[in-house]
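# Reading the structure
The residues making up each chain are set out below.
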Amino acid sequence: MPQPEMPQKTPYAIEIEAGKNYWWCSCGKSKNQPFCDASHRGSEFAPLQYTAEKDGTVYFCGCKHSANGALCDATHRNL
Ligand code: FES
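Attention here is on the structure that accompanies the text. Bear in mind the structure is a predicted one, so any value in this text is a computation, not a measurement.

### Here we look at the overall build of the chain
Looking only at helices and strands, one finds zero helices and four strands in the chain. N-terminal to C-terminal, the α/β element order of the chain is β-β-β-β. Principal-axis analysis of the C-alpha atoms gives the chain an extent of 35 × 30 × 20 Å. The averaged location of the 8 negative side-chain charges in the chain is 6 Å from the averaged location of its 8 positive side-chain charges.

Set out below in structure tokens:
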């Protein structure tokens, strides 16, 4: 199974808006981290949709190894 690239080993703190959809980059190749810029095309990776339930700060995974989808679950501490 191919491994994603790791754009950074820490999460991205992003201000989000309630009701808005965000597309988290899972391949690690996007130049618009932590979001998809279609760099995954031709690979086995696909972006994950994250819908904001409320306004606030969300910590999107930057290491691309979180077991919690688009969100950081602290897995990066063990890499
Ligand atoms: S940045 Fe990936 S688990 Fe925290």
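### Notes on the side chain of His40
Note that His40 resides in the loop between strand E2 (21-24) and strand E3 (48-51). Not counting residues within four places of it along the chain, the set of residues in contact with His40 comprises Cys27, Phe45, Ala46 and Pro47.

Thresholds applied
- Residue positions within a chain follow its written sequence, with the count starting from 1.
- Two thresholds apply to this predicted model, a pLDDT of at least 70 for residue-level local features and 80 or more for giving and counting side-chain atom pairs, whereas whole-chain, interface and lining totals are computed over all residues.
- Water and hydrogen atoms play no part in the side-chain values, which are based on all heavy atoms of the structure.
- By definition, any uninterrupted DSSP run of H or I lasting at least four residues is a helix, any uninterrupted run of E lasting at least two residues is a strand, and each is numbered from the N terminus.
- As used throughout, the charge tally considers Lys and Arg to be positive and Asp and Glu to be negative, leaving His and the chain termini uncounted.
- By convention, the point assigned to a charge is CZ for Arg, NZ for Lys, CD for Glu and CG for Asp.
- Contacts are assigned to residue pairs with any non-hydrogen atoms lying within 4.5 Å of each other.

Honestly, it's all geometry; don't read function into it.
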